[in-house]
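Read off the chains here:
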Amino acid sequence: MSDDESYISRDPYSLEAKLINKSQRELEDGTEKDPLTKLRLLCLTRGARGIVGLGRVFRIMDDDGSKTLSVEEFSDGIKECGLNELTEEEIEGLFSSFDEDGSGTIDMTEFLLKLRPPLPQCRLDIIDQAFMKMDKNEDNFITVDDLKNVYSVREHPKYQSGEKTEQELLTEFLNSFEGNRGNNDGTITKEEFVNYYAAISASIDNNMYFDLMMRRAFAL
């Protein structure tokens, strides 16, 4: 059985380990990386929630709700997430590349969109389908109640062993998007959901098997 074929029989939770290992290898392969690629790989070495976690930190810093960041907020957010491998020069250069109008601020949403791994339209479509299936009231937020009867935890080792219930695993799934610095508000935004599965997507080379994984996980 090839690596791609094994995805069918492999539970989705093991894909994150593959993502972390793959990103670490790319980060250390000796080739020069532009700052955006380097930051993306650094986030992915922290798993599928790395980019989501950075977005959460950025939003906490966005006190006025403007969805913009100053260079100081941008730098502090990266450091707050423990992404200390980027130099100040790289951080400032990355910020400047997005501050095209010289206003001294960058659009947070646009930056996170560029930071996530590229997604072919077919994968973005299936991710959107999964989100829309759960988001019954179309408020662009997912809660535990939305996940019930939609997201399957049957292949999770702790569910199979009886160590954790479905409710516990669904709550854990939601809270894990916030990392150690989150407020555990029990919600996932659409942006976070797409960014999470864009990261998972980076560990799967074949579009068909990514599609199968999503359909199996969300009963599409």
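Residues numbered from 1 in each chain as written. Predicted model: local features only at pLDDT ≥ 70, side-chain atom pairs only at ≥ 80, totals over all residues. Heavy atoms only, no water.

**Observations regarding the UniProt feature "domain: EF-hand" (unreviewed entry) in the protein**
Item 1. In the numbering adopted here, UniProt assigns the feature "domain: EF-hand" (unreviewed entry) to residues 49-84, 86-121 and 122-157.
Item 2. Along residues 49-84, the helical share is 61% and the strand share 8%, with 17 Å between the first and last C-alpha atoms.
Item 3. Across residues 86-121 one finds 56% helix and 8% strand; the C-alpha atoms that close the span lie 31 Å apart. (UniProt positions renumbered as here; feature names shortened; annotations may be inferred. Helix = DSSP H or I, 4+ residues; strand = E, 2+ residues; numbered from the N terminus.)

**With respect to the packing of aromatic side chains**
Item 1. Enumeration over the complete set of coordinates arrives at 10 aromatic pairs.
Item 2. Judged by centre distance (5.7 Å) and plane angle (55 degrees), the ring pair of phenylalanine 74 and phenylalanine 95 falls under tilted. Here phenylalanine 74, found in helix H5 (residues 71-80), pairs with phenylalanine 95, found in helix H6 (residues 88-98); they are 21 residues apart in sequence, far enough to count as distant.
Item 3. The class of phenylalanine 95 is buried, set by a relative accessible area of 5%.
Item 4. A network of ring pairs unites the aromatic residues Phe58, Phe74, Phe95, Phe98 and Phe111 as a single cluster. (Phe/Tyr/Trp six-rings, centres within 6.5 Å; stacked < 30°, edge-to-face > 60°. Buried < 20%, exposed > 50% of the residue type's maximum accessible area, 1.4 Å probe, protein only.)

**A closer look at the environment of glutamate 73**
Item 1. Following the sequence through the fold, glutamate 73 ends up in helix H5.
Item 2. Glutamate 73 sits 16 residues away from valine 57 along the chain, and the two C-alpha atoms are 9.8 Å apart.
Item 3. With sequence-adjacent residues up to four places away left out, glutamate 73 is seen in contact with Phe58, Met61 and Thr68. (Contact = heavy atoms within 4.5 Å.)

**Description of the side chain of glutamate 90**
Item 1. Secondary-structure assignment places glutamate 90 in helix H6.
Item 2. In this structure glutamate 90 touches Pro35, Lys38 and Glu85, once residues within four positions along its chain are discounted.

**What to know about the pattern of salt bridges**
Item 1. One pass over the full model with this rule turns up 10 salt bridges.
Item 2. Across the pair lysine 38 and glutamate 90 runs a salt bridge whose closest N-O atoms are separated by 3.2 Å. Of this pair, lysine 38 sits in helix H3 (residues 35-44) while glutamate 90 sits in helix H6, and the two are 52 residues apart along the sequence. Of the two residues, lysine 38 and glutamate 90, neither departs from the other in class, the shared state being buried.
Item 3. Linked by salt bridges that have partners in common, Arg56, Arg59, Glu191 and Glu192 make up one network. (Salt bridge = Lys/Arg side-chain N within 4 Å of Asp/Glu carboxyl O.)

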